[in-house]
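One-letter residues, chain by chain:
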Amino acid sequence: MENNFKGIPASPGIISGKAFVIDRDNFVIEKKKIIQGQIKNELLRLNRAVVNTKREIFELKERLSKELGDSEARIFDAHLLILEDPVFTKDIIDKIEKEKLSAEYALSEILEKTALVFEKINDIYLKERSADLKDVGRRLIHNLLGYKKRTISELDKKVIIIAHDISPSDTASMKKDKVIGFATDIGGQTSHTAIIARSLAIPAVVGLRNIIGSVKTGDEVLIDGNQGIVIIEPSDKTLKAYQSIKKKFQVFEKELKKVTKLPAETQDGHSVELVGNIESPEEIDTVLAHGGEGIGLFRTEFLYLNRNNLPTEEEQFEVYKKAAEKVGARPIIIRTLDIGGDKFISYMDISPEVNPFLGLRAIRLCLEHPEIFKVQLRAILRASAFGQIKIMFPMISGLSQLKEAKRILNEVKEGLEKDKIGYDKDMELGVMVETPSAAVIADILAKEVDFFSIGTNDLIQYTLAVERTNEKIAYLYEPLHPAIIRLLKNIIDAGHKEGIWVGLCGEMASIPLFVIILLGMGLDEFSTNIVSLPLVKKIIRSTTYRDAKILVDNIMGLSSSVEIRKYIQDNLTNVIKEELITGEKTK
Ligand code: PEP
Ligand code: MG
């Protein structure tokens, strides 16, 4: 019988096929006592398993590095560090020697004990480390038992992967042409699985809580990545209904592909810049293939995550240089470190905060730690000699803060000059306008920079006092709230009055209905997520600037998001309406 599950849509598209379940490897390892004379042998077995596991991880790292790039592969450094941690191995050796336990039982006891400790800690970074530890532990046990797990690398037919979570090692060994969809118990829109699914452009749903307990390998599964629905053993009626949605979606996608090479220009000749958001340089090719004309947001914090120390100037320089060269003559906006909020790095030893989103985040953290900030600025500046790099500061909330950040930037520039190291002296500097205070004093900030990039993901949460990650109050997170509409208009007008260009890199730029409004407000640059690029271009090309402006004039006086939405929907031309309705379904 058909069984429906609702999760979080992670990557758009509809697909049906056979499930391939990756079980959680819940081994039952029997308690096995050994005698004094066997200790040496157990220690040897343990040592051999550690060596083999290290070799396996090295191989996986190499492979992932080739397929997805160094930043994705860096996760394995954390795994290798665990294996090289003398405390970890000493605990296991102690158990073997003192309690006379078999190597696998000693290891499983240590893993269980550590997992219990991690469970009690409320820290995202440490929770990730706990997952790393489990991954390494599983590999060690496999090697101790000589057990060969059936991996995704053995797939010979196209399947939909169902898993509690998909580990980096799983993704590394996956044959990309055989995996046509994902569904996982855990994860959110920014989890590793969701990011990989989006960059592979395959439908995915995450956060299903307990999908793995309800499906077996070989079951028929349907994934609706647009709405976050997974249907196990769908009935003929459901399949038929989805067939027609899928057909419409495929026609729509085919149509969309046609616009990728065309300019982002309205029917009355108004051009805007359409660029993409990335987390690592490996995504640049996909942005360009989807019709992006450059990079509007490179979230550099991902260079700082999944490791145990800060990235050096040289390491960062190489990444930024490679990115700038890939983008070529097109622009790439590198955002300085935005750590804090929901992204943490434990090796920095920052004390926990009651309200991390209102705490030591982004530029605040960089100004508190200029030694870290300067390393990044120097790396970005050096890379600017190799392409069209622009730089921007996140979370600016006042003028003196911006001036301080600029002072440090100038100091770093002077240092480079002293060292006779080249950089782009005309490099543009911008700020992200993502706090209500910055939005209100946009006229003042505009005098200090070359451009604005509006960060609506944060601007909405801070203006409406609605945490962006809290599903309980998600209904209050309203991009069409008159307060947001007024702020957006104020920022764009203030920027233009001072002669600077204004872009937007929050998710709002990726959603069709909002694209029309932003266009009518005179937004110069739209920086969207990769999969939305063609749709946004199509929307821009289907309207006139004149109509979009009239629409904006008419919504400015309305008093609620419901009224605004209704007005837009009632007043769109039929062509745009069709695009919007189908487009909304792809979200
Ligand atoms: C934003 O806040 O809109 C933004 C683009 O930045 P992030 O999502 O990384 O906070
Ligand atoms: Mg932000």
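It should be noted that the structure appears before, not after, this text.
Described in the following lines is the structure provided in the data block. None of these values were measured; they are calculated from a predicted model.

Some remarks on the site of ligand 1
Arg299, Arg335, Gly455, Asn457 and Arg468 are the nearest of the 15 residues found near ligand 1. Within the side chain of Glu434, a nitrogen or oxygen atom sits 3.0 Å from an oxygen atom of ligand 1. Between Gly455 and ligand 1, the recorded distance is 3.4 Å, taken from a backbone N or O atom to an oxygen atom. Elements with a minimum of two residues in the shell around ligand 1: β10 (295-299) and α17 (456-464). At three residues, the largest contribution of residues to the shell around ligand 1 is made by α17. Classifying every residue of the shell around ligand 1 gives three nonpolar, four polar and eight charged.

What to know about the layout of surface pockets
The gaps of empty space that remain are located by a probe, the size of a water molecule, rolled over the atoms. The calculated volume of the second largest pocket comes to roughly 620 Å³. Lining of the second largest pocket is provided by 25 residues; of these, Pro12, Ala201, Phe249, Glu253 and Val531 occupy positions nearest its centre. Every element with two or more residues in the lining of the second largest pocket is listed here: β3 (14-22), α9 (236-257) and α20 (533-541). Sort the elements by how many residues they give to the lining of the second largest pocket and α9 lands first, with seven residues. Of the residues belonging to the lining of the second largest pocket, the class tally is 14 nonpolar, seven polar and four charged.

Points about the environment of Ser453
By secondary structure assignment, the location of Ser453 is in strand β14 (residues 451-454). For the pair Ser453 and Val502, spaced 49 residues apart in the sequence, the C-alpha separation amounts to 5.9 Å. The residues touching Ser453, leaving out its near neighbours within four places in the chain, are Met392, Val431, Met432, Val433, Gly503, Leu504 and Cys505.

Observations regarding the sheet that holds strand β8 (residues 229-232)
Taken together, eight strands build an open sheet; the order of strands is β1-β8-β7-β3-β4-β5-β6-β2 and the sheet is mixed. Two strands close off the open sheet at either side, each with one partner strand: β1 (3-6) and β2 (8-11). Strand-to-strand twist in this sheet, taken as the mean axis angle between neighbours without regard to direction, amounts to 30°. By the bridge criterion, five bridges tie β3 to strand β7 (residues 220-224) in an arrangement that is antiparallel. Residue pairing across strands places Ser16 opposite Leu222, the latter belonging to β7. Sitting on the sheet, α9 touches β3, β7 and β8, and the angle it makes with β3 is about 115°.

Structural notes on the pattern of salt bridges
Counted under the stated rule, the structure contains 34 salt bridges. For Arg138, the salt bridge is made with Asp135, and the minimal N-O distance between the two is 3.2 Å. Within this pair, Arg138 and its partner Asp135 are both found in helix α6 (residues 124-145), separated by three residues, close to a single helical turn. Judged by its relative accessible area of 24%, Arg138 is partly exposed. A relative accessible area of 6% means that Asp135 is categorised as buried. Between Asp338 and Arg361 there is a salt bridge whose closest N-O contact spans 3.0 Å. Residue Asp338 is found in the loop between β11 (331-335) and α12 (363-368), and its partner Arg361 is found in the loop between β11 and α12; the two are separated by 23 residues along the sequence. Taken as a pair, Asp338 and Arg361 share a single burial class, namely buried.

Cut-off values and rules
Residues numbered from 1 in each chain as written. Chains lettered and ligands numbered in written order. Predicted model: local features only at pLDDT ≥ 70, side-chain atom pairs only at ≥ 80, totals over all residues. Heavy atoms only, no water. Near = heavy atom within 4 Å. Polar contact = N/O pair within 3.5 Å; in protein donor to acceptor, adjacent residues only side chain to side chain. Helix = DSSP H or I, 4+ residues; strand = E, 2+ residues; numbered from the N terminus. Nonpolar A, V, L, I, M, F, W, Y, C, P; charged D, E, K, R; others polar. 1 Å grid on protein atoms, 1.4 Å probe; cavity = no way out; pocket = protein on both sides within 12 Å on 5 of 7 lines; lining within 4 Å. Points joined across faces, edges and corners; volume = space filled by probe spheres on them. Contact = heavy atoms within 4.5 Å. Pairing = 2+ DSSP bridges. Axes fitted to C-alpha atoms, helices over the stretch in contact; angles between N-to-C directions. Salt bridge = Lys/Arg side-chain N within 4 Å of Asp/Glu carboxyl O. Buried < 20%, exposed > 50% of the residue type's maximum accessible area, 1.4 Å probe, protein only.

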